[in-house]
Amino acid sequence: MDFTVIANNFSYFMVGAWPNGPLGGAALTVILSVISAIAAAVIGFILGIALAMTRGAWHTGLLLFLGFFRAIPVIMLIFWMYFLLPILLDINVPGTGTVVVALSLIGGSYLAHSVHAGIRSLSVGQWQAGAALGLTRRQVLWSIILPQALPIMVPSFINQWVSLIKDTSLAYVIGVGELSFVATQVSNREMVFPTEIFLFVALLYFAFCSLLEFGANRLALRYR
Amino acid sequence: MTVFGELLAPKYLVWLIQGFGVTVVLAALASLAATALGFVLCLGRLARSRWLAWPVAGYLSLFRNTPLLIQLFFWYFGSTALMSEGLLEWLNTPHQLDMVVFGIKWPPFEYLAGFVGLTLYTSAFIAEEFRAGVGGVPAGQVTAAAALGMTRYQIWRHIVMPQAIRIAMPPLLGQYMNTLKNSSLTMAIGLAELSYASRQVETETFKTFQAFGIATLLYIGSIVLIETTGQWLQHRRKLIGAPL
């Protein structure tokens, strides 16, 4: 194996054509991951709390909505968003935006169930005690339920964020110049080193995911 | 761009159905192979010997923490450089699979790479589900079985494994659903499954809603089918109170 191909293209792997062109490569992967992770967490919290607080038709409707995003393959959703977003918003949506929307919706749908499960794992007595103290349901949720439920949800969040990092590679299918796309570009240009290139890129992703897992677990332990 | 417009021509519907067939067969074969491999990996991960447990732990971590897309690219583009020319030639020439009565056609290389990639990726997740299942068997049962004079093999075979598999069943079904969805990534290496077909129909007809809509319905329909089958199995198991 000959890893000079990595050294020769190192800056292209890391930042794409930047500063002479758009930012790409590993840097874009990180940006896509961070934005999608935050958006997915926000969606997950809102919809998860909504799942816990609703009954009847609203609850069923919400479950169906979440079920759709959990059942559709990420690639199909990226295709849909690529096609639908410009029609719905009536503006030109860049590929990066398309991917962030698709990944946040899917990640958020999975997280909503984790948030719901975390809230449900606490005993009903907590709600009743809060109500007995004269707190409204919203006050009970904020000051009694969520502080206890959060640590329970942490592992699901970490797992989902790792999935998100991996799923940013699917931006490749609509030509967003993140790490996977850049890797295929270099591989096509150089022709003879696909093994080295994809091994290197795999290790880079591995480093990102492991770093997140390790760092988040340590943080979670400290604040337990 | 036609939004709903006329219905897709039969030719394109056939493409989508064929793509769906490839998706189902690929996902089923990969799930089967990954379950077998995942079981073996789980045994390796739980082995007392470090020389076995640590490399397996490395495998699990590496395959779980890298994107499937990159793994597929590696197997499709990268693995050929590692193979000898003889093997490569053998893989690329059609063989009659004699052991099968129907004489299945030898698949093109992207099918082999897709199957291998999907199987290895999924096996890492399935191994962890099995391991969680083993972890779910109360430790007291193992001690009790040992006190009854059962050997390590007997304990494993009659006490731990049956319960572990039962515990792992629901998450395993979840992994099979993931495999079905993940099989869509093989379109990136040119495997003509459902997502690939829908993209192809879309570029040829510009009937985006129908092309993506039908594909999406087929995906969601099969996911719902797996889920209901799982729930039905669970329900029936509870009704007759049978183990497994």
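Quantities reported herein were computed from a predicted structural model and do not represent experimental measurements.

Our focus in this paragraph is the overall build of chain B. Each helix and strand counted, chain B has nine helices and zero strands in total. The order of helices and strands in chain B, counted from the N terminus, is α-α-α-α-α-α-α-α-α. Judged by the C-alpha coordinates and their principal axes, chain B covers about 70 × 50 × 40 Å. Put simply, chain B has 244 residues, and 42% of those count as buried. Within chain B, contacts between residues separated by at least 24 positions form 75% of all contacts whose residues are at least 6 apart in sequence. Of the roughly 13100 Å² of accessible surface on chain B, a fraction of 68% belongs to carbon and sulfur atoms. Taken together, the 16 basic and 11 acidic charged side chains of chain B have centroids lying 19 Å from each other.

Between two packed helices, what matters for the description is the angle formed by their axes and the separation of those axes. All names here are of chain A. Relative to each other, helix α9 (residues 179-190) and helix α10 (residues 194-222) sit at 165 degrees, their axes nearing to 9 Å. Between α9 and α10, the angle falls in the class roughly antiparallel. The handedness of the crossing between α9 and α10 is right-handed. Packed against α9, whose contacting residues are Leu179, Ser180, Ala183, Thr184, Val186 and Ser187, the element α10 presents Pro194, Ile197, Phe198, Val201, Leu204 and Tyr205 at the interface. Of the residues contributing to the contact of α9 with α10, the split by class is nine nonpolar, three polar and no charged.

Listed by partner, the interface residues are 33 residues for chain A and 35 residues for chain B. Between chain A and chain B lies a buried interface of about 3000 Å² when both sides are counted; carbon and sulfur atoms form 77% of it. Of all residues in chain A, Phe83, Lys166 and Phe198 of chain A give up the largest surface area on contact with chain B, accounting jointly for 19% of the area buried on that side. Viewed at the interface, chain B and chain A are joined by six residue pairs in polar contact (both at pLDDT 80 or more). By residue class, the composition of the side of chain A that touches chain B is 25 nonpolar, five polar and three charged.

Further remarks concern a nonpolar patch on the surface. Together, Val30, Val34, Ile38, Val42 and Ile46 of chain A make up an exposed nonpolar region whose accessible area comes to about 430 Å². With relative accessibility at 54%, the residue Ile46 of chain A sits in the exposed group.

A few words now on the nonpolar core. By size, the foremost hydrophobic cluster in this structure holds 98 residues, and its most contacted members are Phe13, Leu77, Ile119, Ile197 and Val201 of chain A together with Phe73 of chain B. Once you skip the residues sitting within four places of it in the chain, Phe73 of chain B turns out to touch Tyr172, Thr184 and Phe198 of chain A together with Gly78, Ala188 and Ile189 of chain B. Ranked by size, the runner-up nonpolar core spans 23 residues in total, among them Cys42, Val56, Ala124 and Val134 of chain B.

With that out of the way, let us pick up the side chain of Ser36 of chain A. Tracing the chain through its elements places Ser36 of chain A in helix α3 (residues 25-53). If near-sequence neighbours (up to four positions away) are discounted, Ser36 of chain A is found in contact with Val100, Leu103, Ser104 and Leu164 of chain A.

This paragraph deals with the packing of helix α5 (residues 74-89) of chain A against helix α6 (residues 95-120) of chain A. All names here are of chain A. Where α5 contacts α6, the two axes come as close as 9 Å, and the packing angle between them is 130 degrees. In terms of axis orientation, α5 runs oblique to α6. The two elements α5 and α6 cross, and the hand of that crossing is right-handed. On the side of α5, the interface is formed by Val74, Leu77, Ile78, Met81, Tyr82 and Leu85, while α6 contributes Thr98, Val101, Ala102, Leu103, Leu105 and Ile106. Partitioned by chemical class, the residues of the contact of α5 with α6 number eleven nonpolar, one polar and no charged.

Below, the discussion takes up the confidence of the model for chain B. It should be kept in mind that the predicted coordinates are not to be read in detail where pLDDT is low. A residue-level look at chain B finds 92% of positions with pLDDT of 70 or above and a mean pLDDT of 91. Mean pLDDT values over the elements of chain B span from 80, in helix α4 (residues 85-92) of chain B, up to 97, in helix α1 (residues 10-45) of chain B.

This paragraph deals with the side chain of Thr122 of chain B. Residue and element names in this part refer to chain B. Here Thr122 is to be found in helix α5 (residues 109-135). You can call Thr122 buried: its relative accessible area is 3%. Filtering out sequence-adjacent residues up to four positions away, Thr122 remains in contact with Ala34 and Thr179.

Further remarks concern the environment of Ser163 of chain A. All names here are of chain A. Inspection of the secondary structure puts Ser163 in helix α8 (residues 137-167). Residue Ser163 is classed as partly exposed on the basis of its relative accessible area of 25%. For the pair formed by Ser163 and Asn20, sequence separation is 143 residues and the distance between their alpha carbons is 31 Å.

Right, let's talk about the environment of Ala129 of chain A for a bit. Residues and elements named next belong to chain A. Relative to the elements of secondary structure, Ala129 occurs in helix α7 (residues 124-132). Classification of Ala129 as partly exposed rests on a relative accessible area of 43%. Considered as a pair, Ala129 and Ile144 are 15 residues apart in the sequence and their alpha carbons are 9.7 Å apart.

To continue, consider the packing of aromatic side chains. Summed over all chains, the structure comprises 23 aromatic pairs over all chains. Ring geometry for Phe68 of chain A versus Phe69 of chain A: centroids 5.1 Å apart, planes at 80 degrees, classification edge-to-face. On the basis of relative accessibility, which here comes to 7%, the residue Phe69 of chain A falls in the buried class. Plain terms: the ring middles of Tyr121 of chain B and Phe125 of chain B are 5.1 Å apart, the flat faces sit at 55 degrees to each other, and that makes the pair tilted. Of this pair, Tyr121 of chain B and Phe125 of chain B both sit in helix α5, four residues apart, roughly one helical turn. Put simply, the rings of Tyr172, Phe181 and Phe198 of chain A together with Phe73, Tyr76, Phe77 and Phe109 of chain B pair up and form one aromatic cluster. For Arg137 of chain A, the ring lying beneath its charged end belongs to Trp127 of chain A, and the centroid distance is 5.1 Å. Positioned above the aromatic ring of Tyr12 of chain A, the side-chain terminus of Arg189 of chain A is 5.4 Å from the ring centre.

Let us now look at α5 of chain A. For α5 of chain A, which comprises 16 residues, the first-to-last C-alpha distance of 21 Å matches the rise-based estimate of 22 Å (1.5 Å per residue) to within 8%. Considering bend angle alone, the principal kink of α5 of chain A is centred on Phe83 of chain A and spans about 30 degrees; proline Pro86 of chain A follows within four residues of it. All of the buried residues along α5 of chain A are Val74, Ile75, Met76, Leu77, Ile78, Phe79, Trp80, Met81, Phe83, Leu84 and Leu85 of chain A. On its buried face, α5 of chain A is in contact with α4 (56-71), α6 and α8 of chain A together with α8 (194-205) and α9 (208-240) of chain B. Positive backbone phi, approximately 60 degrees, marks Asp90 of chain A, located one or two places after α5 of chain A.

Each value, and the rule that gives it
- Residues numbered from 1 in each chain as written.
- Chains lettered and ligands numbered in written order.
- Predicted model: local features only at pLDDT ≥ 70, side-chain atom pairs only at ≥ 80, totals over all residues.
- Heavy atoms only, no water.
- Helix = DSSP H or I, 4+ residues; strand = E, 2+ residues; numbered from the N terminus.
- Buried < 20%, exposed > 50% of the residue type's maximum accessible area, 1.4 Å probe, protein only.
- Contact = heavy atoms within 4.5 Å.
- Areas by Shrake-Rupley, 256 points an atom, 1.4 Å probe, with all protein chains shown as cover.
- Lys, Arg positive; Asp, Glu negative; His and termini not counted.
- Charge placed at Lys NZ, Arg CZ, Asp CG, Glu CD.
- Axes fitted to C-alpha atoms, helices over the stretch in contact; angles between N-to-C directions.
- Parallel < 35°, antiparallel > 145°, perpendicular 65-115°, else oblique.
- Left-handed = near helix turned anticlockwise from the far one by under 90°.
- Nonpolar A, V, L, I, M, F, W, Y, C, P; charged D, E, K, R; others polar.
- Buried area = accessible area lost by both parts, 1.4 Å probe.
- Polar contact = N/O pair within 3.5 Å; in protein donor to acceptor, adjacent residues only side chain to side chain.
- Patch = residues over 30% accessible without salt bridge, like charges linked within 9 Å, V, L, I, M, F, W, Y side chains within 5 Å.
- Salt bridge = Lys/Arg side-chain N within 4 Å of Asp/Glu carboxyl O.
- Core = buried A, V, L, I, M, F, W, Y, C linked by side-chain atoms within 4.5 Å.
- pLDDT = per-residue confidence, 0-100.
- Phe/Tyr/Trp six-rings, centres within 6.5 Å; stacked < 30°, edge-to-face > 60°.
- Lys NZ or Arg CZ within 6 Å of the ring centre and 35° of its normal.
- Expected span 1.5 Å × (residues − 1).
- Bend = angle between axes of the 7 residues up to and from the residue.

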